[in-house]
Amino acid sequence: MNSLEEVGQEADTLRTELEQLYVRGLASSSAADWKKLGSLAEQWERIGAGHIASRLMAALRAAETGTKDAPRALLSAHTSLHVFERVLSLEAAAESWAAYVAARSEEGEEGEADAAPVASSPPAVKPPAAAPPIEDPKGALALLEELSRAVEDLVRTGVPVATEATRAKIDASFKEASRRKFLRLGPSLRYVNDDVGRYLAGDPQFSMRRFSFFLHRSWLLARGMVKAIRDKNDALFAALAAAPAAAPRPVKSIEVVTLGVLKRTVASAYTFEFKLRIVGAAEPELVGRSITYSLVFARKTEGKAKDLPAEAYLHLSQPQKFMPRVFRQDKVVKITDAALMLDERGGGRLALGPKSTVTEGPAHTDWPPLFQFDPAAALERVKRHTPGPLDLAVELQEEVVVAGATMSEQPLKTGDGRRIFALRGEDGLSFDAVIPDGPDGEELLPRLRAALKPADKPLLYGITYYEFGRMMLLPLSLLYTGAAAPEPEPAPKAQPSKKKGTKSESKSKVKKDGGLAHLMLSDKTFDVSALVGNLF
């Protein structure tokens, strides 16, 4: 019988083939393409996934005969594959977590987590209110059916023959979906349209995987909402129209420290996700919770601003009159009059309002208790989750701390803007470490390699999620508990300087007593005096 990892590799192979068909278009595919698809269908029959094999064969027959239902059949096969992959990945994750929990238990390490401040159980979730009736069902039905046809037409013809008229049609659907507050469908259409534009412009930022994922997701949402309207199922329509979100919980005052920072660079924007831990709060039950604060900056690509590193944008004052650079320092940050959207993990997202304040506090020195995680709880969350066709792999994620990490010298896999390395920790915990290409991985990879060479390795903090039968890891920071660790100096103030030259972020010093080191944040110098003038 095939292992879960091997089946995951087969699923990834099939997904890649479907993605190539989406981009190429069924009308431009050849007999060799159909032969390969047929071979894959036979392989899935041997694996024992007959439902996927049968849908593939149905798509193959429709494509070979050129019937109008061929794109729909292919998209349906993709839906079956996606659900199968989510079930497979959760089963593989459950096996990995169970083995790790058992290994820790045998060595008597289960008490280690007691040193960390543990958050209380999340508050009970109130039963959802009755779904509102569907607004303008006839107009919504017409929009969604037209959109479904547009996606199917794009699958039939392929991206190479798409025109600006194609983009205009998708853009019109995006705007109408946004106007109707279809909060899941609107963003998916935007991603599709952006990638069609990148392909037509020959932009290397085009991603076949991203395009295909959101093209299929747009079609699936549209078809599901059509069914909900026809069945007069208000609850299903509401669930498909708007992404589920927790009700904001006002918080009077919390104190946080930053454990890691996830940075993403795209052609038009810089995104930062600060992974925070609450170390003090007016409400004691919040202490120990992990929360995320996100910021997006529109990227300037002209003049001197195009040469600024992403980190320069953290010097821009926010409406609450603070600079986000405060979150990259090893200090306690006090936040007042904010809101938290908590999730079942006991974590959530931080939202600031007009009255919120963000104040830099003293240096935080007691890091080791924060570098703990509960693998048994992660195992229970995996077991409890019910996978579905709209699941995103990164939605079910966990904070992890890896001790004694080792990493392969060469990547296991490259492509789609990332490199995958084998990373293994103590007690058999293993991951596929994701290292982005381009500026986001520029600092990360050499820093991680250097840190994992000595015998006395730091603890590695990151975010794990589950994909194609593997546990993926985004490495974010290191905790040195020994003699030496990088210590970034406080970042310079973002204000004009009358002196000639540059005022810049300093290179790392060394702490004598250990400490935290962020992997993705750059220490590149930049001209603070020109920052504001170049950005606006």
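In case you missed it, the structure is sitting above this.
What this report covers is the structure whose coordinates are included nearby.

**Considerations on the overall build of the protein chain**
Part 1 of the reasoning: On a plain count of helices and strands, the protein chain comes out with 13 helices and 15 strands.
Part 2 of the reasoning: In the protein chain, buried positions account for 49% of the 536 residues.
Part 3 of the reasoning: Approximately 25,400 Å² of the protein chain is accessible, and the part contributed by carbon and sulfur atoms is 54%.

**A short note on the sheet that holds strand 1 (residues 249-265)**
Part 1 of the reasoning: An order of 1-2-3-5-4 is seen for the five strands of this closed barrel, with the pairing classed as mixed. Across the sheet, the mean angle from the axis of one strand to that of its neighbour is 50°, orientation sign disregarded.
Part 2 of the reasoning: Bridge analysis of strand 1 against strand 2 (residues 269-281) gives eleven bridges, and the strand direction is antiparallel. Paired with Val261 across the two strands is Phe274, which belongs to strand 2.

**Let's talk about helix 1 (residues 4-24)**
Part 1 of the reasoning: The end-to-end C-alpha distance of helix 1 is 30 Å, a good match for the 30 Å that 21 residues give at a rise of 1.5 Å each.
Part 2 of the reasoning: One or two residues past the end of helix 1 sits Gly25, with phi positive at roughly 95°.

**Quick notes on the nonpolar core**
Nonpolar side chains in soluble globular proteins tend to end up buried together.
Part 1 of the reasoning: Formed by 65 residues in total, the largest nonpolar core has its most connected members in Leu14, Trp44, Leu56, Leu144, Phe182, Phe211 and Phe237.
Part 2 of the reasoning: Top contributing element to this core by residue count: helix 8 (residues 208-230), with eleven residues.
Part 3 of the reasoning: Contacts of Phe211, omitting those with residues within four sequence positions, involve Tyr22, Val23, Leu154, Val159, Val192, Asp195, Val196 and Phe206.
Part 4 of the reasoning: Counting residues in each nonpolar core, the second largest holds 53 residues, with Ala94, Leu444, Leu448 and Leu519 among its members.

**Section: unusual backbone geometry**
Part 1 of the reasoning: A positive phi angle, near 45°, is found at Asp136, a position not held by glycine.
Part 2 of the reasoning: Within the element layout of this structure, Asp136 appears in the loop between helix 4 (70-106) and helix 5 (137-157).
Part 3 of the reasoning: Unlike most non-glycine residues, Asp416 shows phi in positive territory, near 55°.

**Thoughts on the environment of Arg223**
Part 1 of the reasoning: Its location among the elements puts Arg223 in helix 8.
Part 2 of the reasoning: Along the backbone, Arg223 and Leu144 are 79 residues apart, and their C-alpha atoms lie at a distance of 7.3 Å.
Part 3 of the reasoning: Here Arg223 is in contact with Arg72 and Ser148, once residues within four sequence places are set aside.

**What about the environment of Ile420?**
Part 1 of the reasoning: By the element assignment, Ile420 lies in strand 9 (residues 418-424).
Part 2 of the reasoning: Taking the C-alpha atoms as reference points, Ile420 and Ser408, twelve residues apart in sequence, are found 9.5 Å from one another.
Part 3 of the reasoning: With residues near it in sequence (within four places) discarded, Ile420 still touches Pro411, Leu412, Lys413, Asp432, Ala433, Val434 and Met472.

**Some remarks on the environment of Gly353**
Part 1 of the reasoning: Mapped onto the elements, Gly353 comes out in strand 5 (residues 348-363).
Part 2 of the reasoning: You can call Gly353 partly exposed: its relative accessible area is 21%.
Part 3 of the reasoning: Residues Gly353 and Ala339, spaced 14 residues apart in sequence, show a C-alpha to C-alpha distance of 7.9 Å.

**Some points on the packing of aromatic side chains**
By convention here, two paired aromatic rings are described through the distance between centres and the angle between planes.
Part 1 of the reasoning: Evaluation of the coordinates by the stated rule reveals 18 aromatic pairs.
Part 2 of the reasoning: Through a chain of ring-to-ring contacts, three or more aromatic side chains come together here, namely Tyr270, Phe272, Phe274, Tyr293, Phe297, Tyr313, Phe322 and Phe327.
Part 3 of the reasoning: Over the aromatic face of Tyr191 sits the side chain of Arg190, whose NZ or CZ is 4.9 Å from the ring centroid.

**Digging into the side chain of Thr79**
Part 1 of the reasoning: Along the chain, Thr79 falls in helix 4.
Part 2 of the reasoning: We classify Thr79 as buried; its relative accessible area is 13%.
Part 3 of the reasoning: Within the local environment of Thr79, its side chain forms a polar contact with the side chain of His216, the two groups lying 2.8 Å apart.
Part 4 of the reasoning: Ignoring anything within four residues of it in the chain, the contact list for Thr79 reads His216, Trp219, Leu220 and Pro389.

**Things to note about the pattern of salt bridges**
Once their charged atoms are close, side chains differing in charge can pair, the charge on each being opposite to the other.
Part 1 of the reasoning: A full pass over the atoms with the stated rule returns 37 salt bridges.
Part 2 of the reasoning: Note that Arg86 and Glu85 form a salt bridge whose closest N and O atoms lie 2.9 Å from each other. Residue Arg86 shares its accessibility class with Glu85, and that shared class is buried.
Part 3 of the reasoning: A salt bridge links Glu176 to Arg179; the shortest N-O distance between them is 2.7 Å. Remark: Arg179 and Glu176 occur in helix 6 (residues 164-179); sequence separation between them is three residues, near one turn of the helix.
Part 4 of the reasoning: Note on Glu176: relative accessible area 22%, which makes it partly exposed.

**As for the packing of helix 1 against helix 2 (residues 31-47)**
Part 1 of the reasoning: For the pair helix 1 and helix 2, interaxial distance at closest approach is 11 Å and the crossing angle is 155°. Classified by the angle between their axes, helix 1 and helix 2 sit roughly antiparallel to one another. The chirality of how helix 1 crosses helix 2 is left-handed. Residues Val7, Glu10, Ala11, Thr13, Leu14, Glu17, Leu18, Leu21 and Arg24 of helix 1 touch helix 2, and the partners they reach there are Asp33, Trp34, Lys36, Leu37, Leu40, Gln43, Trp44 and Ile47.
Part 2 of the reasoning: Taken together, the residues of the contact of helix 1 with helix 2 break down into ten nonpolar, two polar and five charged.

Rules used throughout
- Residues numbered from 1 in each chain as written.
- Predicted model: local features only at pLDDT ≥ 70, side-chain atom pairs only at ≥ 80, totals over all residues.
- Heavy atoms only, no water.
- Helix = DSSP H or I, 4+ residues; strand = E, 2+ residues; numbered from the N terminus.
- Buried < 20%, exposed > 50% of the residue type's maximum accessible area, 1.4 Å probe, protein only.
- Areas by Shrake-Rupley, 256 points an atom, 1.4 Å probe, with all protein chains shown as cover.
- Pairing = 2+ DSSP bridges.
- Axes fitted to C-alpha atoms, helices over the stretch in contact; angles between N-to-C directions.
- Expected span 1.5 Å × (residues − 1).
- Core = buried A, V, L, I, M, F, W, Y, C linked by side-chain atoms within 4.5 Å.
- Contact = heavy atoms within 4.5 Å.
- Phe/Tyr/Trp six-rings, centres within 6.5 Å; stacked < 30°, edge-to-face > 60°.
- Lys NZ or Arg CZ within 6 Å of the ring centre and 35° of its normal.
- Polar contact = N/O pair within 3.5 Å; in protein donor to acceptor, adjacent residues only side chain to side chain.
- Salt bridge = Lys/Arg side-chain N within 4 Å of Asp/Glu carboxyl O.
- Parallel < 35°, antiparallel > 145°, perpendicular 65-115°, else oblique.
- Left-handed = near helix turned anticlockwise from the far one by under 90°.
- Nonpolar A, V, L, I, M, F, W, Y, C, P; charged D, E, K, R; others polar.

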